[in-house]
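Letter by letter, the chains look like this.
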Amino acid sequence: MLKLNKEICIGCGICEEQCAFAAIEMVDGLPVIGESCTLCGACVDACDSGALVMEISGDNLKTDLSSWSGVWVYCEFRKSALAAVSLELLGIGRKLADKRGVKLAAVLIGDGIQKTAAELIGYGADTVYAVEHPQLGNFAEDSYAAIVTRLISEHRPEIVLAGATAIGRSFIPGVATTLNAGLTADCTSLEIRDEDGALLQTRPAFGGNIMATIECPRSRPQMATVRPKVMKANEYDPARQGDIVTVTTQPEELQSRIKVVESVVASQGNVNIQESDILISGGRGLDSEKGFELIRKLAETLGADVSASRAVVDAGWIPYPHQVGQTGKTVAPKLYVACGISGAVQHVAGMQSAEAIVAINRDKNAPIFDIADFGIVGDLNEIIPKLITRIEEQRK
Ligand code: FAD
């Protein structure tokens, strides 16, 4: 709780100037703290006389925490399209909201977002906060952060989720810092604890060797980012009902320090393996860069894309956008064929959600066989050509 010691306050008004949420108003020479205070502590830091003090006690925390309610998902919209991770977040967001008995809201920022806003309701949102402006067509970290921070301060959701994408990673930590909230990045599982409703945020730690479950008992909102392809989206339900709330931007929120000079679409070589239905993945067992010729041939035969382990990316056999795993991409194709990949925990972290996993490895004890649905023990240089011939024959 924020407390004012009137005896030593000199009425300088610096706290009012410092408050990013307009929660402090000087009345008769003294600061009055309003409802929109997020307890961020900026005024306490700025108060030279020491008149403003943040008091943290168990009781105060209880009262404050209970005033935050609802689950929010930041839905990423770029170049007239919604990022697939947003629907996945609405899927897990719906489950968390139902468990808490609260509403699920989506925040959508951009230009030309109305149609998408309505679709978000079909994917599970009860409310969509639609922030539309021509100046918001291009992502600008500072503007987006200011808008999301303001909305969270005004509506006080207990949980805020965002995608661990380039965009989510660039501005969500700033939002969390301004709100004085915790943020757990790259979560692989989110659950509600029955006893107190806390959000349990699980993510790999120590190089993927342990799974750490993190909670934020003392502050709200509880914020987490989730990698694409980790959670499942709900089926679209056109009959779902919800509200679209049009949010008006404030002039200062549009005053971005970022100027977009040019926007370039990634070249075809940079295939987005997260969107692929079938992936043929090569590892160090390929022996050299040339080994990828075989992998590409199998991929062509199956209409698949090519991915890889970190070992071969580090060796320069294939570029980084193809890397699967903890420090690469998380993928969830219908079929993942691991060729000459041992199945290290950091690799598995990025592909274990595949619907069917086929492993080809000459070592029958390779850990990849522990998670494979179908295992072929043998030399990939013999097995892959046979597979290609068999598939082509079947096609005929
Ligand atoms: P290896 O482990 O060397 O396995 C090669 C396999 O090929 C062996 O099982 C072998 O039996 C088999 N083989 C050899 N020849 C043949 C043949 N002719 N036919 C059939 N099989 C054959 N790794 C990732 O992949 N992605 C990540 O994102 C990632 N992030 C990491 C982050 C950290 C912090 C750390 C410490 C490591 C990370 N790693 C990551 C590296 C990871 O630990 C492994 O080193 C890496 O996955 C091994 O790649 P690999 O399976 O291709 O090679």
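Residues numbered from 1 in each chain as written. Predicted model: local features only at pLDDT ≥ 70, side-chain atom pairs only at ≥ 80, totals over all residues. Heavy atoms only, no water.

Things to note about the overall build of the protein chain
For clarity, the threshold we go by: Helix numbers and strand numbers start at the N terminus; a helix is a DSSP run of H or I with at least 4 residues, a strand a run of E with at least 2. Each residue gets one of three labels from its accessible area relative to the maximum for its type: buried under 20%, exposed over 50%, partly exposed in between, using a 1.4 Å probe on protein chains only. Any two residues whose heavy atoms approach within 4.5 Å at even a single point are treated as in contact. In these tables, accessible area is a Shrake-Rupley quantity obtained with a 1.4 Å probe, and a residue counts as shielded only by the protein chains included in the view. By the counting rule applied here, Lys and Arg register as positive and Asp and Glu as negative, while His and the ends of each chain are not counted. Charge coordinates come from a single atom per side chain, which is NZ of Lys, CZ of Arg, CG of Asp or CD of Glu.
Helix and strand counts for the protein chain stand at 13 helices and 21 strands. Across the 396 residues of the protein chain, 48% fall into the buried class. In the protein chain, once contacts between residues fewer than 6 apart in sequence are set aside, the share between residues at least 24 apart is 62%. Here the protein chain has roughly 20,100 Å² of accessible surface; of this, 49% comes from carbon and sulfur atoms. Side chains of the protein chain carry 37 positive and 50 negative charges; the gap between the two charge centres is 7 Å.

A word on the site of the ligand
Where we set the bar: Any residue with a heavy atom lying within 4 Å of a molecule or strand is counted as near it. Polar contact criterion, stated in full: a pair of N or O atoms within 3.5 Å, where within protein one must be able to donate a hydrogen and the other to accept it, and residues adjacent in sequence count only if both atoms are side-chain atoms. Side-chain classes are defined by residue name, with Ala, Val, Leu, Ile, Met, Phe, Trp, Tyr, Cys and Pro counting as nonpolar, Asp, Glu, Lys and Arg as charged, and the others, Gly among them, as polar.
Lining the immediate environment of the ligand, one finds 25 residues, of which Ser309, Thr327, Ser342, Gln346 and Asn361 sit closest. Here Val324 contributes a backbone N or O atom positioned 2.8 Å from a nitrogen atom of the ligand. Contacts to the ligand include Gln326, whose backbone N or O atom sits 3.0 Å from an oxygen atom. Here the ligand has 990 Å² of accessible area as a free molecule, and 77% of this is covered by the chains. A class-by-class count of the residues in the shell around the ligand yields five nonpolar, 15 polar and five charged.

Topic: the layout of surface pockets
Let me state the cut-off plainly: A pocket, in this scheme, is an open set of points on a 1 Å grid over the protein atoms alone with protein on both sides within 12 Å along at least 5 of 7 lines, while a cavity is a set where a 1.4 Å probe fits but cannot get out; residues line either one if an atom lies within 4 Å of a point. Grid points are joined across faces, edges and corners, and a volume is the space filled by probe spheres set on the points. The split of the chain into domains comes from an automatic or database domain assignment.
In this structure, the largest pocket occupies an estimated 1,000 Å³ of space. In terms of lining residues, the largest pocket is bounded by 32 residues, among which Thr165, Ala166, Asn272, Gln274 and Lys329 are the most central. The set of elements that each furnish at least two residues to the lining of the largest pocket consists of α4 (84-100) and α7 (166-179). Residue-level mapping places the lining of the largest pocket at the junction of two domains, with at least three residues from each of domain 2 (65-254) and domain 3 (273-395).

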